[in-house]
Structure formats: structure tokens, C-alpha cells
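# Observations on chain architecture
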Amino acid sequence: MNPDRTPLIAGNWKLNKTIAEAEAFIQSLLPRVGAVEDVEIVICPPFLALAAMVDSARGSAVGVYAQTMHEEDAGAYTGEVSAPMLAEIDVAGVILGHSERRQLFGETDRALQLKLPRALEAGLKPILCVGETEEERERGDTERKLRHQVQEGLEKVPGERLPEVVIAYEPIWAIGTGLVAKPEQAQDACAFVRALVEGFDKGAAAKVRVLYGGSLKPENAAELLALPDVDGALVGGASTDPAAFAEIVEIARRVRSGAG
Ligand code: PGA
């Protein structure tokens, strides 16, 4: 963690929580993180709970992001949700290119290339997810994969808006598996992602936040968040429990004050 970049802890709930369950979560989380200012906190509920979470989190330290969006504003795209629709209800950002979207729902680099600038234009902060499969790592193809995904994803983002993009490095073999990346693997990959941003714009690379994601939980958060190129975390499983999520936020605060 670098004290010049505000750490971001984002919870990706995936297909979990009804509106009632989301409401119970936020009522339990808010008193735990009420006074936090030095860490940015984000929850990413399913679409149907977004409006309720925006209302309940209003004025608090917790931001509300969506888990995906379509690249077009409107049209014949059954089942999709667009950037202006999310912005209209005060959603603050959106996860783009999560590996589950890529693998299970056919999301392509080409579509992501359109989604990033579209999200920014609509006032949504994008979290672009990148990461290699187990086979790609074993073949020594991790950097090739990351280069491809980062370059494709950022291609159409105007240079002056690059610092607003967050990139989450999520090795696919670590997502939901309990297998967490070794600190040197996470550091190397996050530093490599930052170097790729530098290829677009040197100034932006120092500002862009790179998150680690994949089986991050309170027990392993401190050593991952302490890495120099890791600016926070995208948390899946552990983010659905308010106590565990608040603990990760607290660990990020401690790491930041130690790093500062
Ligand atoms: P996990 O998920 O923390 O459950 O591994 C991370 C993610 O998919 O963002």
C-alpha cells in the first residue's frame, strides 16, 4: 500500500442477498465503519438491491457500485442495464469484466473497451477486473494475459480520465477457491498492471489504484494489503458478512497508517 493512494475495499456480493438481506447487512455494517475516512469502502449488490442500498448508505462512508452494465445506453438488449440507468439512481461505480462475467456470460474484451469510457462518461467509476487462469499461470502466460486484458480494456479511455479507473488483479484460480495468491505473486502481478498503465500515461500509473482479489479474508488481508503495489481489495465471499468485511476495512486502515 502506498500512502499517496487512498485504499479501496470493495465487496462483490455476486448473486447473493435479497433486498431484505442487503438491508440487514448495511444496518450492521454502517455502525462498524461509521467514522472511516482514510479508506474508501464500496459494496456491489445485485441490481435489485442497488436503489435500497444507495438510500441506506447515503451520507455514509460506504459507496454503492453495480456488478456489471451494458455498453449501450438503450436498445434491444433484453435483460441488460445501462450506465445512465445506474447513474440515475446514484450508483457511484461499476465492476467491469469480472472473470465470472467473462467466463459464464461471454463478456469480451471488445465490449469492455466500450464499457469503460461509457461508464466514465455517465459518472460511474469503473473497476476493471483482469487475471489469469491456472493453466495460463502454469504455462508462464500470466503477463501476456494481463497485458492483453489491460491494453484492450483501457484502449478507449481518455488519458485524463485514466487515474479514475481502478484495476482489480484477480487470479481466476484464487477466486472462491480458498487458494490465495502468494504475496510475491500478488505484488508482481499488481506492479506489472501498474507498469502497463504507465505505457498509456506515466502520471496516471502513480494514481491508478490496483486491487487484489481472490479468497481475501481477514486472516490474510494484512500481508496482501501491505504490498507496495496493492491499493486495496475486491472481496467476494468475505464481503457478504458485515463483521468480516468491516474487519478487512479496519486492517486496511491499520496498514495505511503504518505505511504513512
Ligand atoms: P472471493 O471472490 O473473494 O470469494 O474469492 C473474489 C471476486 O470474485 O471478486
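Residues numbered from 1 in each chain as written. Predicted model: local features only at pLDDT ≥ 70, side-chain atom pairs only at ≥ 80, totals over all residues. Heavy atoms only, no water.

### Overview of the side chain of Ser-215
One can find Ser-215 in the loop between strand 7 (209–213) and helix 10 (218–225). There is a polar contact of 3.5 Å between the side chain of Ser-215 and the backbone nitrogen of Thr-177. Every residue in contact with Ser-215, bar those within four places of it in the chain, is listed here: Ala-174, Gly-176, Thr-177, Gly-178, Leu-179, Val-180 and Asn-220. (Helix = DSSP H or I, 4+ residues; strand = E, 2+ residues; numbered from the N terminus. Polar contact = N/O pair within 3.5 Å; in protein donor to acceptor, adjacent residues only side chain to side chain. Contact = heavy atoms within 4.5 Å.)

### As for the site of the ligand
Neighbouring the ligand are 13 residues, the closest being Lys-14, His-98, Glu-170, Gly-176 and Ser-215. Here an oxygen atom of the ligand and a side-chain polar atom of Lys-14 are 2.7 Å apart. In this structure, Ser-215 approaches the ligand through a main-chain N or O atom, which is 2.7 Å from an oxygen atom. In isolation the ligand has 280 Å² of accessible area, and contact with the protein removes 95% of it. Looking at the shell around the ligand residue by residue, the classes come out as four nonpolar, seven polar and two charged. (Near = heavy atom within 4 Å. Areas by Shrake-Rupley, 256 points an atom, 1.4 Å probe, with all protein chains shown as cover. Nonpolar A, V, L, I, M, F, W, Y, C, P; charged D, E, K, R; others polar.)

### Remarks on the pattern of salt bridges
It is possible for side chains of opposite charge to pair when their charged atoms get near one another. Overall, the coordinates contain 21 salt bridges when judged by the stated rule. With a shortest N-O distance of 2.6 Å, Arg-118 and Asp-73 are connected by a salt bridge. Of this pair, Arg-118 sits in helix 5 (residues 109–121) while Asp-73 is found in the loop between strand 3 (62–66) and helix 3 (83–88), placing the two residues 45 residues apart along the sequence. Taking relative accessible area as the criterion, Arg-118 reaches 17% and is therefore assigned buried. The shortest N-O distance in the salt bridge between Lys-202 and Glu-198 comes to 3.0 Å. Its relative accessible area of 36% is what places Glu-198 among the partly exposed residues. Connected via shared salt-bridge partners are Arg-5, Arg-194, Asp-229 and Asp-231. (Salt bridge = Lys/Arg side-chain N within 4 Å of Asp/Glu carboxyl O. Buried < 20%, exposed > 50% of the residue type's maximum accessible area, 1.4 Å probe, protein only.)

### Brief notes about the nonpolar core
Counting residues in hydrophobic clusters, the biggest one holds 75 residues, and the most contacted among them are Ile-9, Ile-43, Val-62, Leu-154, Ile-167, Tyr-212 and Leu-225. In terms of nonpolar packing, the next biggest core, distinct from the first, is built from 12 residues, Ala-10, Cys-44, Ala-168 and Leu-234 among them. (Core = buried A, V, L, I, M, F, W, Y, C linked by side-chain atoms within 4.5 Å.)

### With respect to the pairing of strand 4 (residues 93–96)
Taking every second residue as pointing to the same face, both faces of strand 4 are buried, with Gly-93 and Ile-95 on one and Val-94 and Leu-96 on the other. Two strands pair when backbone bridges link them, and strand 3 and strand 4 are joined in this way by two bridges, in the parallel orientation. Across the sheet, Ala-66 pairs through a bridge with Val-94, a residue of strand 4. Handedness of the strand 3-helix 3-strand 4 crossover: right-handed. Relative to strand 5 (residues 125–130), strand 4 runs parallel, the two sharing four bridges. By the bridge assignment for strand 5, Val-94 is matched with Pro-126. (Pairing = 2+ DSSP bridges. Right-handed = clockwise from strand over helix to strand, strands pointing away.)

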